[in-house]
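Remarks on the overall topology
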Amino acid sequence: MPQLAPRMFKARPSSIMQVVEKTNKLKAEGKSIISFSIGVPNFLPAQHVYDAAHKAIDNDPGIYQPNRGTPALVKAFLTWLENEGLGGYTDKNVCAGIGAKDLLWKAMYAVLQPGDEVIIPTPYWTTYLDITDILEAKAVLLPCGPEQNYKLKPEQIAAAVTPKTKMILLNNPSNPTGMVYTPAEIDALAAELVKHDIWVLADDIYSRLMFDGLEYKHVTQSEPKLRDRTILLQSASKIYGMPGWRIGMLAAPEALATAIVNLNSNGITNLPHVCMEAAVAAYTGPQDFTFARRDEFAQKRDQVLAAMTTCKGVNCPKPQGAFYVFPDISCTFGKSHNGVTIHNDVDFCNLLLEHAGVAVVPGSAFGEPKAIRISYACKPADLAEGLKRWTDFFAALQ
Ligand code: PLP
């Protein structure tokens, strides 16, 4: 067989999917498993989204669609941005993709050369590192541990930027930690970023899922000068319960948005028309549905935190967004469960899955091997049962 391109050997299978596969195997064997592993919201889109999709099928235009996205979708997203306090973009700044992941990939492909440095605050969403590696750029991982609430500090950026730095990846609220930058923290980061001529990729796809009355702020609101180098990433997946519809949206300087339109032209051509019509309904329709889901998530977050506080030695900074909790469980290393010793996060996850029937993701998948990720985007009954099993598991540690 002829060889694959060497860069393909940098592509790793997702460790989250490995947990999912193991979970499915145990379920198929008849074991009772509660899954806290996957980042999929436990709700379906609102009725008006389905109505728009049905209407789109009935009126199928039967032709290819614009590479950028339909004018209706671009307009809907621009209006949505304006309502978020992010007005001033035009249709030339916007492009749709097959989920935010597709746009992330294309944005990084559009700006990175092999050897360019990409600053990635750690813990990070796994895909950031994988795309960086596949593109043969160099990841510069900045440790942001629980002692700094998993948040990046401006002085870390100042110390990390070199002449080879091309991009920084920011994620707010964060997957995997659920942490949210306060407006003052965003101001401080923006004040540092504006000193450097580097691309800022701001992945804010969980921006509508922020709790405790925290106000959303984007770096370009703190420093409008950052507009000429910032790529804003959004998605209907998490906030409208539409992960399978694959709607990602991007707002960026015109040259970058045009580059992505060209990549769409030579790749996907367009998003499915039905999905785009559904996304227009999601972006322009009643928004109370999303805010009700947000409030449910906030309650679930509290439930998870309450369970964490009963586990002695677990250090769990309080997340204020998304649907993840990222406790530091390194206090369990060296302890054992049913005679099996826990040496690291992977052992912890395997034992928790096999002995307690609860699936969580090892923190090493996100660059922080002292922690694990709990996704609480599951049914309330599953959450209660899974947390009970978690607490019992901890109580049985020796
Ligand atoms: N960015 C972050 C931080 C995510 O957690 C995810 C999905 O889990 C994505 C981007 C990709 O989202 P999408 O479904 O729009 O591709």
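Anyway, here's the lowdown on the structure attached to this text. Please read all numbers here as calculations on a predicted model, not as lab measurements.

**Looking at the site of the ligand**
Around the ligand, the structure places 14 residues, and the nearest of them are Ala 100, Asn 175, Asp 203, Ser 235 and Ser 237. Here an oxygen atom of the ligand and a side-chain polar atom of Asn 175 are 2.7 Å apart. When the ligand sits alone it has 400 Å² of accessible area, and the protein chains cover 92% of it. Mapped onto the shell around the ligand, the elements with two or more residues apiece are helix H4 (99-111) and helix H9 (236-239). When residues in the shell around the ligand are grouped by element, the largest group, three residues, is from H4.

**Overview of a nonpolar patch on the surface**
Together, Met 1, Leu 4, Met 8 and Phe 9 give the surface a local cluster of nonpolar side chains, amounting to about 520 Å² of exposed area. Mapped onto the secondary structure, Met 8 falls in the segment before helix H1 (15-28).

**Side note on the sheet that holds strand E5 (residues 165-171)**
If you trace the seven strands from one edge of the open sheet to the other, you get E2-E8-E7-E6-E5-E3-E4, paired in mixed fashion. Unpaired on one side and paired on the other, strand E2 (94-98) and strand E4 (138-143) mark the two borders of the sheet. In this sheet, adjacent strand axes meet at a mean angle of 25° when their direction is disregarded. Note that strand E3 (residues 117-122) and E4 share six bridges and pair parallel. Across the sheet, residue Val 118 finds its bridge partner in E4, namely Ala 139. Packing against the sheet, H4 makes contact with E2, E5, strand E6 (199-203), strand E7 (230-235) and strand E8 (247-251), and its axis sits at approximately 120° to E2.

**Comments concerning the pattern of salt bridges**
Tallying each qualifying case throughout the model produces 17 salt bridges. The closest approach of N and O atoms between Asp 102 and Lys 106, which form a salt bridge, is 3.0 Å. Of this pair, Asp 102 and Lys 106 both sit in helix H4, four residues apart, which is roughly one turn of the helix. Residue Asp 102 is classed as buried on the basis of its relative accessible area, which comes to 14%. Its relative accessible area of 7% is what places Lys 106 among the buried residues. Connected through shared salt-bridge partners, Lys 25, Glu 29 and Lys 31 make up one network.

**Details of the state of the cysteines**
Overall, the coordinates contain zero disulfides when judged by the stated rule. In this structure Cys 349 is not part of a disulfide, and its nearest cysteine sulfur, from Cys 331, lies 13 Å away. Given the relative accessible area of 7%, Cys 349 is considered buried.

**Thoughts on the side chain of Ser 207**
Examined against the element boundaries, Ser 207 turns out to sit in the loop between E6 and helix H8 (219-222). Look at Ser 207 and you get buried, because its relative accessible area is 5%. Engagement of the side chain of Ser 207 in a polar contact is seen with the side chain of Gln 234, the distance being 2.9 Å. Each residue touching Ser 207, except ones within four places of it in the same chain, is listed here: Trp 80, Pro 173, Tyr 216 and Gln 234.

**Quick word on the pairing of strand E14 (residues 372-375)**
Going residue by residue along E14, you find Ile 372 and Ile 374 tucked away on one face and Arg 373 and Ser 375 tucked away on the opposite face as well. Looking at chain direction, strand E9 (residues 324-325) and E14 are connected through two bridges and run antiparallel. Looking at E14, one finds that Tyr 324 is bridged to Ser 375.

**Some points on the packing of aromatic side chains**
Under the criterion given, the structure shown has 21 aromatic pairs. With 6.0 Å between their ring centres and 15° between their planes, Phe 77 and Trp 80 make a pair best called stacked. Of this pair, Phe 77 and Trp 80 both sit in helix H3 (residues 71-83), three residues apart, which is roughly one turn of the helix. Joined through ring pairs, the aromatic side chains of Phe 43, Tyr 206, Phe 289, Phe 297, Phe 323, Tyr 324 and Tyr 376 make up one cluster. Over the ring of Phe 43 we find Arg 293; its NZ or CZ atom is 5.8 Å from the centre of that ring.

**Concerning the environment of Phe 333**
Looking at the element boundaries, Phe 333 is found in the loop between E9 and strand E10 (336-337). Between the C-alpha atom of Phe 333 and that of Asp 345, which follows or precedes it by 12 residues, the distance is 8.0 Å. Residues contacting Phe 333, with those up to four places away along its chain left out, are Ile 342, His 343, Asn 344, Asp 345, Pro 369 and Lys 370.

**Concerning H4**
The terminal C-alpha atoms of H4 lie 19 Å apart, and with 13 residues this matches the ideal 18 Å at 1.5 Å per residue to within 8%. Listing the buried residues of H4 in full gives Gly 99, Ala 100, Asp 102, Leu 103, Leu 104, Lys 106, Ala 107, Met 108 and Val 111.

**Describing the packing of helix H2 (residues 47-58) against helix H11 (residues 273-284)**
Between H2 and H11, the shortest axis-to-axis distance is 8 Å and the interhelical angle comes to 145°. Between H2 and H11 lies a crossing whose hand is right-handed. The residues of H11 that touch H2, namely those facing His 48, Val 49, Ala 52, Ala 53, Ala 56 and Ile 57, are His 273, Val 274, Glu 277, Ala 278, Ala 281 and Ala 282. Each residue belonging to the contact of H2 with H11 can be placed in one class, and the counts come to nine nonpolar, two polar and one charged.

Calculation rules
Numbers given to residues run from 1 along each chain, matching the order in which its sequence is written. The model is predicted, so local features are restricted to residues of pLDDT at least 70 and side-chain atom pairs to those at 80 or more, both for listing and for counting; the totals for chains, interfaces and linings are taken over all residues. Note that water and hydrogens are dropped before the side-chain values are worked out from all heavy atoms of the structure. Any residue with at least one heavy atom within 4 Å of a molecule or strand is counted as near it. Two N or O atoms form a polar contact when they lie within 3.5 Å of each other; inside protein one atom must be a possible hydrogen donor and the other a possible acceptor, and for residues adjacent in sequence the pair counts only when both atoms belong to side chains. To be clear on the numbers: accessible area is Shrake-Rupley with a 1.4 Å probe, and residue cover counts the displayed protein chains and nothing else. Think of it this way: any DSSP run of H or I at least four residues long counts as a helix, any run of E at least two long counts as a strand, and we number them from the N terminus. Exposure above 30% relative accessible area and the absence of a salt bridge qualify a residue for a patch, where like charges join within 9 Å and nonpolar side chains (Val, Leu, Ile, Met, Phe, Trp, Tyr) within 5 Å. Each reported salt bridge corresponds to a side-chain nitrogen of Lys or Arg within 4 Å of a carboxyl oxygen of Asp or Glu. Here, strands pair whenever DSSP counts at least two bridges between them. Note on geometry: axes are lines fitted to C-alpha atoms, helical ones only across the stretch in contact, with angles between N-to-C directions running from 0 to 180 degrees. It only takes one pair of heavy atoms within 4.5 Å for two residues to be counted as in contact. We call a residue buried when its accessible area falls under 20% of the maximum for its residue type, exposed when it is over 50%, and partly exposed in between, using a 1.4 Å probe and counting protein chains only. Two cysteine sulfur atoms make up a disulfide if the distance between them is within 2.5 Å. Pairing of aromatic rings covers Phe, Tyr and Trp, the last through its six-membered ring, and needs centres within 6.5 Å; plane angles under 30 degrees mean stacked, over 60 mean edge-to-face, and all others mean tilted. Two thresholds decide whether a charge sits over a ring: the Lys NZ or Arg CZ must be within 6 Å of the ring centre and within 35 degrees of the ring normal. The length a helix should cover is 1.5 Å for every residue beyond the first. Crossings are assigned a handedness: left-handed for a near helix turned anticlockwise from the far helix by less than a right angle, right-handed for a clockwise turn. Here the nonpolar group is Ala, Val, Leu, Ile, Met, Phe, Trp, Tyr, Cys and Pro; Asp, Glu, Lys and Arg are the charged ones; every other residue, Gly included, is treated as polar.

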